[in-house]
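Chain residues, written in single-letter form:
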Amino acid sequence: MGDSTGAAVIFGATGGVMEAALRTAYEIVTGREVPFGNLEHYSCQRYGWSKEATIKIEGCVDAWKFLEGAELKVAIAHGLVNANKIMSMAREGKAPYHFVEIMACPGGCIGGGGQPIPTNMEIRKKRMKAIYSEDEHKVLRKITRKS
C-alpha cells in the first residue's frame, strides 16, 4: 500500500495516537523534532489507569509565537471505565487537559479482541515494545508537510 510512518505503527498502543500527533504538531510549531522519544518514557505521571504529561512549548517559529511558553497538558487512558473517570473529572472541572486519548481495549488495540490469546499485561508490554522498536527503525516517523 506504499510508505508508512512509525507514527502509524504505534497507533496500536495506548498513547500511540497521542505521541504521533505530538510529534507532528511540535515540529510544526517549533520547527524542531519533539525533544523526547516515546511518551511512555517522557515525564508522565501514572495513576495506574492512566498517564498524564505536560509538555512545555519553547522556541516557536514566527507563525506560532503566541504559543511560546505554553504548557500542553495531555492524558492517556485505556478501558471504558477509565474513559468514564476522565469524563467525570472533566465534568467536575478537574481535568485540565488539552488533548485526551482513550483506547477501549486494555493497552490499546494490541490488547483487543483481534489479537492472539491469551493476553495479560506482560504480553501487552512485549507487544508495545515490539511496535515501538519497529517505529524506531522507520525512515519516516511522523506526518511530513510538503513544501
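What you are looking at is a predicted structure, and each value in this text was computed from that prediction instead of being measured.

This next bit is on helix 4 (residues 121-136). Here helix 4 is 16 residues long and its end C-alpha atoms lie 22 Å apart, about the 22 Å a rise of 1.5 Å per residue gives. Considered for burial, the residues of helix 4 that qualify are Arg124, Arg127, Met128, Ile131, Tyr132 and Asp135. Buried residues in helix 4, looked at end-on, bunch into an arc of 130 degrees, giving them a common side. Among the exposed residues of helix 4, those pointing more than 90 degrees away from its buried face are Glu122, Lys125, Lys126, Lys129 and Glu136.

Our next topic: the pairing of strand 3 (residues 71-78). Sheet topology places strand 2 (residues 50-56) next to strand 3; seven bridges connect them, and they run antiparallel. Paired with Thr54 across the two strands is Lys73, which belongs to strand 3. In this sheet, strand 4 (residues 99-103) lies alongside strand 3 in parallel orientation, the contact comprising five bridges. Paired with His78 across the bridge in strand 4 is Met103.

Attention shifts here to the environment of Gly111. Mapped onto the elements, Gly111 comes out in the loop between strand 4 and helix 4. Not counting chain neighbours up to four residues away, the residues in contact with Gly111 comprise Cys105, Pro106, Arg124 and Arg127.

This next bit is on the packing of aromatic side chains. What characterises a pair of aromatic rings is the spacing of the ring centres plus the angle enclosed by the ring planes. A complete count under the given rule lists one aromatic pair for this structure. Ring geometry for Trp64 against Phe66: centres 5.7 Å apart, planes inclined by 35 degrees, an arrangement best described as tilted.

This next bit is on the environment of Tyr132. Within the element layout of this structure, Tyr132 appears in helix 4. What makes Tyr132 buried here is its relative accessible area of 8%. When the C-alpha atoms of Tyr132 and Phe11 are compared, they prove to be 10.0 Å apart, with 121 residues separating the residues in sequence.

Taken as a whole, the chain shows an average pLDDT of 78; of its residues, 82% reach a score of 70 or greater. Between the elements of the chain, mean pLDDT differs from a low of 44, seen in strand 1 (residues 45-46), to a high of 88, seen in helix 3 (residues 80-91). Note that pLDDT drops below 50 for residues 40-47; the model gives that stretch 18 contacts with residues more than four away or on any other chain.

Attention now moves to the pattern of salt bridges. Under the definition given, this model contains three salt bridges. Taking the shortest distance from any N to any O, the salt bridge between Glu19 and Arg23 comes out at 2.9 Å. Residue Glu19 and its partner Arg23 are both found in helix 2 (residues 16-30); the two are separated by four residues, about one turn of the helix. Among the salt bridges present, the one from Glu122 reaches Lys126, with a minimum N-O distance of 3.5 Å. You can see Glu122 and its partner Lys126 sitting in helix 4, four residues apart, about one turn around the helix.

Rules used in this analysis
- Residues numbered from 1 in each chain as written.
- Predicted model: local features only at pLDDT ≥ 70, side-chain atom pairs only at ≥ 80, totals over all residues.
- Heavy atoms only, no water.
- Helix = DSSP H or I, 4+ residues; strand = E, 2+ residues; numbered from the N terminus.
- Expected span 1.5 Å × (residues − 1).
- Buried < 20%, exposed > 50% of the residue type's maximum accessible area, 1.4 Å probe, protein only.
- Arc of directions from axis to C-beta.
- Pairing = 2+ DSSP bridges.
- Contact = heavy atoms within 4.5 Å.
- Phe/Tyr/Trp six-rings, centres within 6.5 Å; stacked < 30°, edge-to-face > 60°.
- pLDDT = per-residue confidence, 0-100.
- Salt bridge = Lys/Arg side-chain N within 4 Å of Asp/Glu carboxyl O.

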